[in-house]
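Notes for the structure review
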Amino acid sequence: MKLLQDKVALITGASRGIGKAIALRFAAEGAHIAFTDLRDDENMQALVKELEGMGVKAKGYASDASNTANTEETVAAIAKDFGRIDILVNNAGITKDGLLLRMTEQQWDAVINVNLKSVFNFTKCVAPIMSSQRSGSIISLSSVVGVSGNAGQANYSASKAGIIGFTKSVAKEFGKRGIRANAIAPGFIITDMTAQLSEDVRKEWAAKIPLHRGGTPEDVANVCLFLASDLSSYVSGQVLHVCGGMNM
Ligand code: NAP
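To keep things clear, this report deals only with the structure shown in the data block. (Residues numbered from 1 in each chain as written. Predicted model: local features only at pLDDT ≥ 70, side-chain atom pairs only at ≥ 80, totals over all residues. Heavy atoms only, no water.)

The phi angle at Arg134 is positive, at roughly 60 degrees, despite the residue not being glycine. Inspection of the secondary structure puts Arg134 in the loop between helix H4 (105–133) and strand E5 (136–141). We note that His212 has phi near 55 degrees; this positive angle belongs to a residue other than glycine. Mapped onto the elements of the fold, His212 is located in the loop between helix H8 (199–207) and helix H9 (217–228). (Helix = DSSP H or I, 4+ residues; strand = E, 2+ residues; numbered from the N terminus.)

The next subject is the nonpolar core. Proteins that are soluble and globular tend to have nonpolar side chains buried together. Residues Ile11, Ile22, Phe26, Ile33, Phe35, Leu51 and Val89 are the most contacted members of the largest nonpolar core, which totals 33 residues. When residues of this core are traced back to their parent elements, those giving at least two are strand E1 (8–11), helix H1 (17–28), strand E2 (32–37), helix H2 (42–52), strand E4 (87–90), E5 and H9. Of the residues forming this core, the biggest block, seven residues, is contributed by H1. If we ignore the near neighbours within four places in the chain, the residues touching Val89 are Leu10, Ile11, Thr12, Ile22, Phe26, Ile139, Leu141 and Cys224. (Core = buried A, V, L, I, M, F, W, Y, C linked by side-chain atoms within 4.5 Å. Buried < 20%, exposed > 50% of the residue type's maximum accessible area, 1.4 Å probe, protein only. Contact = heavy atoms within 4.5 Å.)

Now for the pattern of salt bridges. Following the criterion strictly, the structure yields six salt bridges and no others. Where Asp192 meets Arg16, a salt bridge forms, and the shortest distance between an N and an O atom there is 2.7 Å. Of this pair, Asp192 sits in helix H7 (residues 192–195) while Arg16 is found in the loop between E1 and H1, placing the two residues 176 residues apart along the sequence. Look at Asp192 and you get partly exposed, because its relative accessible area is 45%. (Salt bridge = Lys/Arg side-chain N within 4 Å of Asp/Glu carboxyl O.)

Here it is, written out as structure tokens:
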């Protein structure tokens, strides 16, 4: 029996990067996949095809996770198309880095809205569905910098720290309905997001990591699978660090 056989998973911002790796990992364990991304483009279509080729139901939805009305419509459509939602992965995220004194209001608002408000949007829409099913697993992508802070990332760190407080509150509010809520705090993971960093910054990061390498999206997806599945049936309100030991 596969770990997520016939479960329905909703993953935000999953056309590429960590979200895509999570979608593929879950599908390999038998989950049907509803995923969102800003645009219905070739990445979205290619992922739908790849997932369907793995024998599961899959559909991509163009949706801005930071937009509340858009999220309500999207979750309603997914509930109609798939009949239930067992797993929610709040993955969509962006960076707009800059030192605080140079950070604009636009940089602050964009990162807080896409990274944190999106988690409120999707969790609020999905929680009633999971409540009526009396079970569910909600996993949100935080970051090690949400715990440790990072110069040049005041907006991003604040959004990721906010996810941790939000996750613990949801775990306390919804535990009695059989819903678990946990966060993952990745460290330095090799995706388009970190590809923007200079070679020097990447070398500096690697030197701080006891395992002496950046993580892969699959490293994160494996931990997400644990939190999504019944293997973690007594784990809620926790933050799992996936950072090669960088944060301890
Ligand atoms: P990524 O490669 O930049 O991918 C981010 C995805 O989110 C893209 O598919 C993007 O869509 C989508 N997205 C952006 N804004 C959106 C919105 N408003 N609505 C819906 N989707 C949106 O990032 P990643 O590295 O895979 O990161 C995934 C998550 O892990 C993020 O929350 C990130 O903060 C977190 N994380 C990453 C690292 C790391 O080292 N990579 C470390 C810690 C935490 P488009 O393709 O349309 O842009």
